[in-house]
Amino acid sequence: MTTSAAPTPRIEPLGTVVPSTVPTHWYNLAADLPEPCPPALHPGTREPLVPADLAPLFPMALIAQEVSTERWIEIPATVREIYALWRPSPLIRAARLERALGTPAKIFYKYEGLSPAGSHKPNTAIAQAYYNAVEGITKLTTETGAGQWGASLSMACALIGLQCEVWQVRASYDSKPYRRMQMETYGGVCHPSPSDLTEAGRAMLAADPDTTGSLGMAISEAVEVAVGDPKAHYALGSVLNHVMLHQSVIGQEALAQLDEIGEVADIVFGCAGGGSNLAGLSFPFLGRNLREGTTTRVVACEPAACPSLTQGEYRYDFGDVAGLTPLLKMHTLGKDFVPPPIHAGGLRYHGMAPMVSHAKELGLLDAVAVEQQDAFAAGIEFARAEGVIPAPESTHAVAAALAHARAATSDETIVIGLSGNGVLDLPAYHQYV
Ligand SMILES: *Cc1c(COP(=O)(O)O)cnc(C)c1O
């Protein structure tokens, strides 16, 4: 399936009513950090990046956000209108789960699975599509593993009026057709990677015609096409500072929702792949800790099979296998690390967002590694108590939170980040059951 002529950008607000409970600004943790986050370095010179280095890939507005230390950045009216289709997302008291566990703790979950794409990823996809359209870009390219990011960006491009071209890792392209169908329904064009459409892809196919591909190869293809087309840019769904920024709507809403019912979070659990949903939920809490002396704990929950925060080294590393991306200071398992094919495809990344890594290094948050079996068991327990089937990624946060709640001896307040729903991941649940 292909798209025809370039669609018309739709960047003006429509004037629809946006509830006041949809945040007006994104929150930037960089403003409150006791020490600045180490800068990204140029892969050739190893000097800190300058904005011009990123200009072939990203619009100026996002480059500015990437290095901003402003605490609050206003959300454009058009983006807020689209957020209002599913935001504020609900903060739900998991009372049935509490009863099933027999815990004195109060458990809440912040549910991002009601977005049209089924996860938190549209929070940044919409913003990225918007800023690119404003700067005259007509097409976004990206890579996707399991497909959640490709689907979210396809949706954002449909709403903002951009073309979207996605390189999906061959193995998932073949085994997870529903995400590809979701992309195509939104008008996105999805290629298996490696493809014969790029030099990088052709080289990879020549070396191994039967390769199942990798995220690093798909990144190389998407970047090559963006760099070669002056009307195209590239979009990344996690890791970068501007992505953490856009996701901050999650935590800001959660803080306000807890305030409204007179609750204070003692501990927040979020799953961590590249770090964006965890940062989005927890950074507003960390900011308040730093500014006001509150003591909310934050726990990043990663798969034991891809344990960058708990086992990785904190050093400069590349974002891709080919070593084309800027060097980022992060917890990394090494750019050549190949994670096993776990079900939580969104958590299979060798590195961690620099902002999350820095916060861990400063002791602002903790990390735990969760076994896949324990994650699924917790996901099923959650689904049977609450009705919501968590995404396989989210079940890592659920598992760590349930273990904590089982051991609780007081009525402490626990918040779980439920980053997405698992309805397109039912084969994984089916295998487990
Ligand atoms: C992509 C994805 C993740 C992992 O990405 P982060 O950047 O770590 O948030 C987690 N949960 C869901 C549902 C996802 O789609």
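Everything below is about the structure printed above this text.
Below is a summary of the structure that appears in this document. (Residues numbered from 1 in each chain as written. Predicted model: local features only at pLDDT ≥ 70, side-chain atom pairs only at ≥ 80, totals over all residues. Heavy atoms only, no water.)

1. Some details on the packing of aromatic side chains
Working step 1: Per the counting criterion, the structure on display carries nine aromatic pairs.
Working step 2: For the ring pair Tyr130 and Tyr131, a centre distance of 5.4 Å and an interplane angle of 75 degrees mean the geometry is edge-to-face.
Working step 3: The exposure class of Tyr131 is buried, given its relative accessible area of 10%.
Working step 4: On the basis of an interplanar angle of 20 degrees and a centroid distance of 5.6 Å, the ring pair of Phe376 and Tyr432 is categorised as stacked. Separated by 56 residues along the polypeptide, Phe376 in helix H16 (residues 372–386) and Tyr432 in helix H18 (residues 426–432) bring together distant segments of the chain.
Working step 5: On the accessibility criterion, Phe376 (3% relative accessible area) is buried.
Working step 6: Joined through ring pairs, the aromatic side chains of Trp26, Tyr130 and Tyr131 make up one cluster.
Working step 7: Taking the ring centre of Tyr173 as reference, the NZ or CZ of Arg180 above it sits at 4.2 Å. (Phe/Tyr/Trp six-rings, centres within 6.5 Å; stacked < 30°, edge-to-face > 60°. Buried < 20%, exposed > 50% of the residue type's maximum accessible area, 1.4 Å probe, protein only. Helix = DSSP H or I, 4+ residues; strand = E, 2+ residues; numbered from the N terminus. Lys NZ or Arg CZ within 6 Å of the ring centre and 35° of its normal.)

2. A few points about the pattern of salt bridges
Working step 1: If you walk through the whole model with that rule in mind, you get 15 salt bridges.
Working step 2: Between Arg87 and Glu253 there is a salt bridge, with the nearest N and O atoms lying 2.7 Å from each other. Here Arg87, found in the loop between helix H3 (77–83) and strand E3 (91–93), pairs with Glu253, found in helix H12 (residues 249–260); they are 166 residues apart in sequence, far enough to count as distant.
Working step 3: By relative accessible area, which is 2% here, Glu253 ends up buried.
Working step 4: Across the pair Glu165 and Lys139 runs a salt bridge, and its minimum N-O distance is 2.7 Å. Taken together, the positions of Glu165 in strand E6 (residues 163–169) and Lys139 in strand E5 (residues 139–144) put the pair 26 residues apart, joining distant regions of the chain. For the pair Glu165 and Lys139, one class covers both residues: buried.
Working step 5: Through salt bridges with shared partners, a single network forms among Arg87, Lys110, Glu112 and Glu253. (Salt bridge = Lys/Arg side-chain N within 4 Å of Asp/Glu carboxyl O.)

3. Observations concerning unusual backbone geometry
Phi is mostly negative for residues that are not glycine, and the peptide bonds are mostly trans.
Working step 1: In the segment running from Arg87 into Pro88, the intervening peptide bond is cis, with an omega of -5 degrees.
Working step 2: Summarising the element assignment, Pro88 is placed in the loop between H3 and E3.
Working step 3: A cis amide bond links Ser193 with the next residue in sequence, Pro194, at an omega value of 5 degrees.
Working step 4: For Val239, which is not a glycine, the phi torsion comes out positive at approximately 70 degrees.
Working step 5: On the accessibility criterion, Val239 (6% relative accessible area) is buried.

Honestly, it's all geometry; don't read function into it.
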